[in-house]
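Coordinate analysis (summary)
Chain residues, written in single-letter form:
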Amino acid sequence: MDVPDGELLTIGAFAARARLSPKALRLYDRLGLLAPARVDEATGYRYYRAGQVERARLVALLRQLDMPLARIAEVLAAGDGPAAADLIGAYWADVEAALAGRRALAAYLRGRLSGRSSEMYGRFAVETVDVPAQVVVTEKRHTLADELPAWIGAALGRLEEAARECGGVAGVPYVAYHAEVSMESDGPAEACVPVADEAAARRWAERHGRTWETAVRVEPAGRLAYTRVTKAQVAHPQILAAFEAVEEWIAARGLTPAGPCREVYFADWAAARPEDPVCDVAFPVR
């Protein structure tokens, strides 16, 4: 940038005006958030325009919000005005949602570690149901907890679309967990949709298996121990308490888990209210 030297400030003078340290300014430059107006090729000295002060202060304030660098760059690119304000509002809504989840998790862990597990589990009524053999088309994926909801919606949507080629949907969709899915463990999880025509399903899987890790199998008839949860209870960690309540119920009755646990989605998620039942947390048992 060609700026007359008389209009430039040294990094020290600019830092004093922006109420930041030269170290912070060098960091912002390295991160691509605030480049100097000019860098002397011989000495490496950085020079700034006075008009960059507000941008420097904005970067500093956004970093105090622990905003990721990519989102800071989006705010800066939006300039001054409603668009930038909306980006900050969206980021803070995400922060508050994450904090609410952590608050709920802390309450759950306190209850669990203080011996009040039975009190938490008592909120979930557990029953059994016999299910017939089913042909299911499936899509399996290793995923962490933060990516799980989006993947479930997309995978079940793809499988329900595929069911049109497989005689139609013949039962309630579900997701089976072959190992824990958390922020440290990536499953895998398996989305499953029952279909009516096994032969057509196997032809469909042959065409798409490599693209989406799809498969077809026959789920044998069996019994499920399950508890019904609301849309609000599907959120982490409430869903953990539901799974543990079913596990405790199974153990107390001398039953044995006979397959991976699952979430059975029987309601329209988009239309459901927080208090509406939407999902069964279930374990195959024998």
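Described below are features of the structure shown in this document. (Residues numbered from 1 in each chain as written. Predicted model: local features only at pLDDT ≥ 70, side-chain atom pairs only at ≥ 80, totals over all residues. Heavy atoms only, no water.)

Here the focus is the pairing of strand β5 (residues 134-141). The side chains of a regular strand alternate, residue by residue, between the two faces of the sheet. The pairing of β5 with strand β8 (residues 214-219) spans six bridges and is antiparallel. By the bridge assignment, Val135 is partnered in β8 with Val218. Pairing geometry for β5 and strand β7 (residues 189-195), over seven bridges, is antiparallel. Note on β7: the bridge partner recorded for Val135 is Val195. (Pairing = 2+ DSSP bridges. Helix = DSSP H or I, 4+ residues; strand = E, 2+ residues; numbered from the N terminus.)

Under the defined criterion, the tally for this structure stands at zero disulfides. In this model Cys166 remains outside any disulfide bridge; the closest cysteine sulfur is found in Cys192, 14 Å from its own. The thiol of Cys192 is unpaired, and the distance to the nearest cysteine sulfur, on Cys261, comes to 12 Å. For Cys192, a relative accessible area of 0% translates into the label buried. (Disulfide = S-S within 2.5 Å. Buried < 20%, exposed > 50% of the residue type's maximum accessible area, 1.4 Å probe, protein only.)

Val137, Ile152, Tyr177 and Val229 are the most contacted members of the largest nonpolar core, which totals 45 residues. Among the elements that take part in this core, helix α9 (residues 238-252) stands out by supplying eight residues, more than any other. When sequence neighbours within four positions are dropped, the list of residues in contact with Val229 reads Phe124, Val234, Ile239, Ala242, Asp276, Pro277, Val278, Cys279 and Val281. With 23 residues, the next largest nonpolar core counts Leu20, Tyr28, Tyr48 and Tyr91 among its residues. (Core = buried A, V, L, I, M, F, W, Y, C linked by side-chain atoms within 4.5 Å. Contact = heavy atoms within 4.5 Å.)

Time to look at helix α7 (residues 148-162). For α7, which comprises 15 residues, the first-to-last C-alpha distance of 21 Å matches the rise-based estimate of 21 Å (1.5 Å per residue) to within 8%. Along α7, the residues that are buried comprise Leu148, Trp151, Ile152, Ala155, Leu156, Leu159 and Ala162. One face of α7 carries all of its buried residues, which in axial projection span an arc of 120°. Relative to its buried face, α7 has exposed residues pointing more than 90 degrees away, namely Pro149 and Ala150. (Expected span 1.5 Å × (residues − 1). Arc of directions from axis to C-beta.)

Let us look at the packing of aromatic side chains. Evaluated as defined, the whole model comprises four aromatic pairs. With a centroid separation of 6.4 Å and 90° between ring planes, the pair formed by Tyr177 and Phe243 is classed as edge-to-face. Of this pair, Tyr177 sits in strand β6 (residues 174-177) while Phe243 is found in helix α9, placing the two residues 66 residues apart along the sequence. In this structure Tyr177 comes out as buried when scored by relative accessible area, which is 9%. For Phe243, a relative accessible area of 12% gives the class buried. Every member of this aromatic cluster is reached through a ring pair, and the members are Tyr177, Phe243 and Phe283. A cation over a ring is seen here: Arg228 above Phe266, with NZ or CZ 4.1 Å from the ring centre. If you follow Arg262 out to its NZ or CZ, it ends over the ring of Tyr174, 4.4 Å from the centre. (Phe/Tyr/Trp six-rings, centres within 6.5 Å; stacked < 30°, edge-to-face > 60°. Lys NZ or Arg CZ within 6 Å of the ring centre and 35° of its normal.)

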